[in-house]
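Next come the chains, spelled out residue by residue.
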Amino acid sequence: MTDLTAEVLRNALVVAAEEASIVVVRSAYSTFIVEGSDASAAILDAGGRLIAHSMATTLMNSMALRVALPSLVEDVPPESMRPGDVYVLNDAYRGGVHTNDLLVFRPVHWAGRVAYFTATMIHVSDLGGLSAGGMAPLATDIFLEGLQLPPVRLATAEGVEPAVEAILRANSRTPDKVMGDVRALVAGTAVAAARVESLLEEYGEAGLAAGVEEYLDYTEARTRAALADLPPGAYGASYPIDDDGLDLDTSHHVQVTITVEGPPSTVVVDFAGTGPQVPAAINASASQSLAAAVFAVRCFLDATIPMNEGCLRAIDVRLPEGSLLNARRPYPCGGRYVPIYAAMEAVFQALSDAMPERAIAASGILQPFSIAAVGAPYWIHLAYDFGGVGARQGLDGPDATGVHFGIGRNSVPQVEPVESRCPLIVESIETIADSGGPGRHRGGLGSRTVYRFLADCHVTTRGDRLRLAPPGRDGGRPGRLGGFFKRHLDGTVERLASKVNNVRFAAGEAFIVETTGGAGLGPPAERDRSAVAEDLRAGRVTRESDY
């Protein structure tokens, strides 16, 4: 296969996955999907290897699809699958994420057997649990987080299985939206499957298989070449979690040791020493922790390296069973953002020690929340707001974008569509002056968003880094803490806990989301004075700041 042909094939595989994710977004019913474009798609081979995923796919989703596929074929042998069959699961302990994230797989048959799988995944509007929209920050076991699905057949060539549809509808506050989302997922897999079949017709089964092997080998070689730039040795770091939402006085942490080995160049990411799983929503499933570790390592490598199985061959991630990063049944996994972002931060700090010229200070992270009707007919708004990124060596941190890998193209929906779909008004969205940690390089600013409600509603939050500020690096200062707040009708403002479930708001009251700023890097006294003057002019800092 010529280099040109290989490049055409590689791009064709990625485009097939990308087209599938676009189909899901354009076909879904849930506001978060339609307006936030939060959908993922991937192509895997019959052995479960990740070949390609959509350009906007979050790594946490593609890792879930990759880790979950072996569980599907364990329960449903490929030889029993028929053309047109589609399967679904959401089991967090078998590769899934949490109950609201549905993983959908379609086998692609060729020459009478399964040759590939196409897969799609989104967070559907609601599948039960303590609060609407899949937010259950105070869950003490998986059963409080919503409906669990083992690998089951979701659809055939004739359409969605009636029994499965009945189960999904019976367990959702928004059954029509859920089924709209499900049909969008099925449609996405069909589009990707058609594209793979076209490639099989063009290249033949052996030709496509050879092209895939070449693609994976190419990615592995580039990954190992990039890892060779890391200095050999072992580097350790840890990062704390604010609390578990139930016991505010018990500390939790994630610990990592990164060992750079070679040749061949390999990095071992070992989370031994991480705290044990707890009966609270601050655990993660293995697929999500794997994604966090791989993402964090890739941030120190060449950004043009493709993400597929070839990359994973060079990164050995070890997740202790029964820990915060690899929970076992029945411990809850819905609060996975809390531990996996701590894991990501620990990797960042360990690799910053290894490569100070690429160092990054700690960041504010995404703050998920949901707003929902107090009763039928239900409406739900799911959203995240993002904290400031920590300062980097030679650069200030970006404002209100977060170091994130868990969302799609635009997971903060635009104001107008949200206001048209939900009884609320977004009064303001702004960055917060002085929220970025001072330093030679300043941390990114956090943001403030104010939602005023036109009807009674419930608010649920699942935040972190709202009690323990992201620490500065090399003499930099911490970022300013954010928080969730309730503005009462008389104008008084009450701070909410970072993890609350179904807090009642009355019409006219407002919900305020303030995100945490990123930390600074280097002593503030060493900041270039012209940069300080520009920050003053732009309103990023005030004259009361530490410069």
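All of the points below concern the structure found in this document.

Conventions used here
Residues numbered from 1 in each chain as written. Predicted model: local features only at pLDDT ≥ 70, side-chain atom pairs only at ≥ 80, totals over all residues. Heavy atoms only, no water. Helix = DSSP H or I, 4+ residues; strand = E, 2+ residues; numbered from the N terminus. Expected span 1.5 Å × (residues − 1). Bend = angle between axes of the 7 residues up to and from the residue. Salt bridge = Lys/Arg side-chain N within 4 Å of Asp/Glu carboxyl O. Pairing = 2+ DSSP bridges. Axes fitted to C-alpha atoms, helices over the stretch in contact; angles between N-to-C directions. Parallel < 35°, antiparallel > 145°, perpendicular 65-115°, else oblique. Left-handed = near helix turned anticlockwise from the far one by under 90°. Contact = heavy atoms within 4.5 Å. Nonpolar A, V, L, I, M, F, W, Y, C, P; charged D, E, K, R; others polar.

**A few points about helix α5 (residues 175-227)**
The end-to-end C-alpha separation of α5 is 47 Å, well short of the 78 Å expected for 53 residues at 1.5 Å each. Approximately 100° is the largest bend angle found in α5, and it occurs at G204.

**Side note on the pattern of salt bridges**
The full count for this structure, using the stated rule, is 44 salt bridges. Here R173 ties to D126 by a salt bridge, and the two come within 2.9 Å at their closest N and O atoms. Of this pair, R173 sits in the loop between α4 (162-170) and α5 while D126 sits in the loop between β5 (113-123) and β6 (152-156); the two residues are 47 residues apart in sequence, bridging distant segments of the chain. Close ionic contact of R504 with D456 constitutes a salt bridge, the shortest N to O distance being 3.3 Å. Taken together, the residues R504 in strand β19 (residues 499-505) and D456 in the loop between β15 (447-453) and β16 (457-462) connect sequence positions 48 residues apart. One connected set of salt bridges, linked through shared partners, spans D396, D399, R442, R527, D535 and R540.

**What about the sheet that holds β19?**
Across the sheet, which stays open at both edges, the 4 strands sit in the order β13-β12-β16-β19 with antiparallel pairing between neighbours. Sheet topology places β13 (380-385) and β19 at the edges, where each strand pairs with a single neighbour. Sheet twist, expressed as the average angle between the axes of neighbouring strands with direction ignored, equals 15°.

**Regarding the packing of helix α6 (residues 286-298) against helix α8 (residues 337-354)**
Packed helices, taken two at a time, are described by their axes: the angle between them and the distance between them. α8 packs onto α6 with a crossing angle of 30° between their chain directions and a minimal axis gap of 9 Å. Judged by the inter-axis angle, α6 sits roughly parallel to α8. Taken as a pair, α6 and α8 cross one another with a handedness that is right-handed. Contact with α6, carried on its side by Q288, S289, A292, F295, A296 and V297, involves I340, M344, V347, F348 and L351 of α8 and no other residues of that element. Across the contact of α6 with α8, the residue classes tally to 9 nonpolar, 2 polar and no charged.

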